[in-house]
Amino acid sequence: QVQLVESGGGLVQPGGSLRLSCAASIRILSINAMGWYRQAPGKQRELVAAITSGGMTNYADSVKGRFTISRDNAKNTVYLQMNSLKPEDTAVYYCNADLRMGLALRRVDYWGQGTQVTVSS
């Protein structure tokens, strides 16, 4: 069982910045990939950014150049730095851990409780 605890959401004006944190209960180097997803009202949950145990990153086109995912292995924490925020970034942001289990490397997902990000003037 993996527990993920998010923090850092809040209300920010357009053009502002926020940093989200996700603390994992296990060593993140043992996790295949960690990511941030978001879900706006009436919309499906979507991938925002992900980082593998090898350090490779992936971003949604809508956030490229504005958001940066990073991790601190010593703290077992993943961050999402969000700059130049837009109203359309408003959503609940969820931390995700993608573990691969067993000989078949079956994917098992764990989720945080979510943190609200609201971009509004």
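Residues numbered from 1 in each chain as written. Predicted model: local features only at pLDDT ≥ 70, side-chain atom pairs only at ≥ 80, totals over all residues. Heavy atoms only, no water.

Engineer: Teacher, can you tell me more about the side chain of arginine 38 here?
Structural biologist: Here arginine 38 is to be found in strand β4 (residues 33–39). Reaching out from arginine 38, the side chain makes a polar contact with the side chain of glutamate 46 at a distance of 2.7 Å. Polar side-chain contacts of arginine 38 include one of 3.0 Å to the side chain of aspartate 89. (Helix = DSSP H or I, 4+ residues; strand = E, 2+ residues; numbered from the N terminus. Polar contact = N/O pair within 3.5 Å; in protein donor to acceptor, adjacent residues only side chain to side chain.)

Engineer: Whenever I open this one, the pattern of salt bridges confuses me. Can you help?
Structural biologist: Pairs may arise between side chains of opposite charge once their charged atoms sit close together. For the structure shown, the criterion picks out seven salt bridges. For the salt bridge of aspartate 89 with arginine 66, the shortest nitrogen-to-oxygen distance reads 2.8 Å. Of this pair, aspartate 89 sits in the loop between β8 (77–82) and β9 (91–101) while arginine 66 sits in the loop between β6 (57–59) and β7 (67–72), placing them 23 residues apart in sequence. By the burial criterion, aspartate 89 is buried, and arginine 66 matches it. Put simply, aspartate 98 and arginine 107 hold a salt bridge, and the shortest N to O gap is 3.6 Å. Residue aspartate 98 is classed as buried on the basis of its relative accessible area, which comes to 4%. (Salt bridge = Lys/Arg side-chain N within 4 Å of Asp/Glu carboxyl O. Buried < 20%, exposed > 50% of the residue type's maximum accessible area, 1.4 Å probe, protein only.)

Engineer: Honestly, empty space enclosed by the protein in this entry has me stumped. Any pointers?
Structural biologist: Over the atoms, a rolled probe matching the size of one water molecule traces out where space is still vacant. Per the counting criterion, the structure on display carries one cavity of 30 Å³ or more. Roughly 40 Å³ of volume is contained in the largest cavity. Lining the largest cavity are Ile28, Ile31, Ala33, Met34, Ile51, Thr52, Ser53, Arg71 and Val78. Looking at the lining of the largest cavity, the elements with two or more residues in it are β4 and β5 (46–52). (1 Å grid on protein atoms, 1.4 Å probe; cavity = no way out; pocket = protein on both sides within 12 Å on 5 of 7 lines; lining within 4 Å. Points joined across faces, edges and corners; volume = space filled by probe spheres on them.)

Engineer: For this particular structure, what's the right way to read the state of the cysteines?
Structural biologist: A disulfide bridge is the covalent bond that connects two cysteines by way of their sulfur atoms. Here the structure, examined in full by the defined rule, presents one disulfide. Across a sulfur-sulfur distance of 2.0 Å, cysteine 22 and cysteine 95 are joined as a disulfide pair. Here the disulfide of cysteine 22 and cysteine 95 is left-handed, its torsion about the S-S bond being about -80°. Here cysteine 22, found in strand β3 (residues 18–24), pairs with cysteine 95, found in strand β9; they are 73 residues apart in sequence, far enough to count as distant. (Disulfide = S-S within 2.5 Å.)

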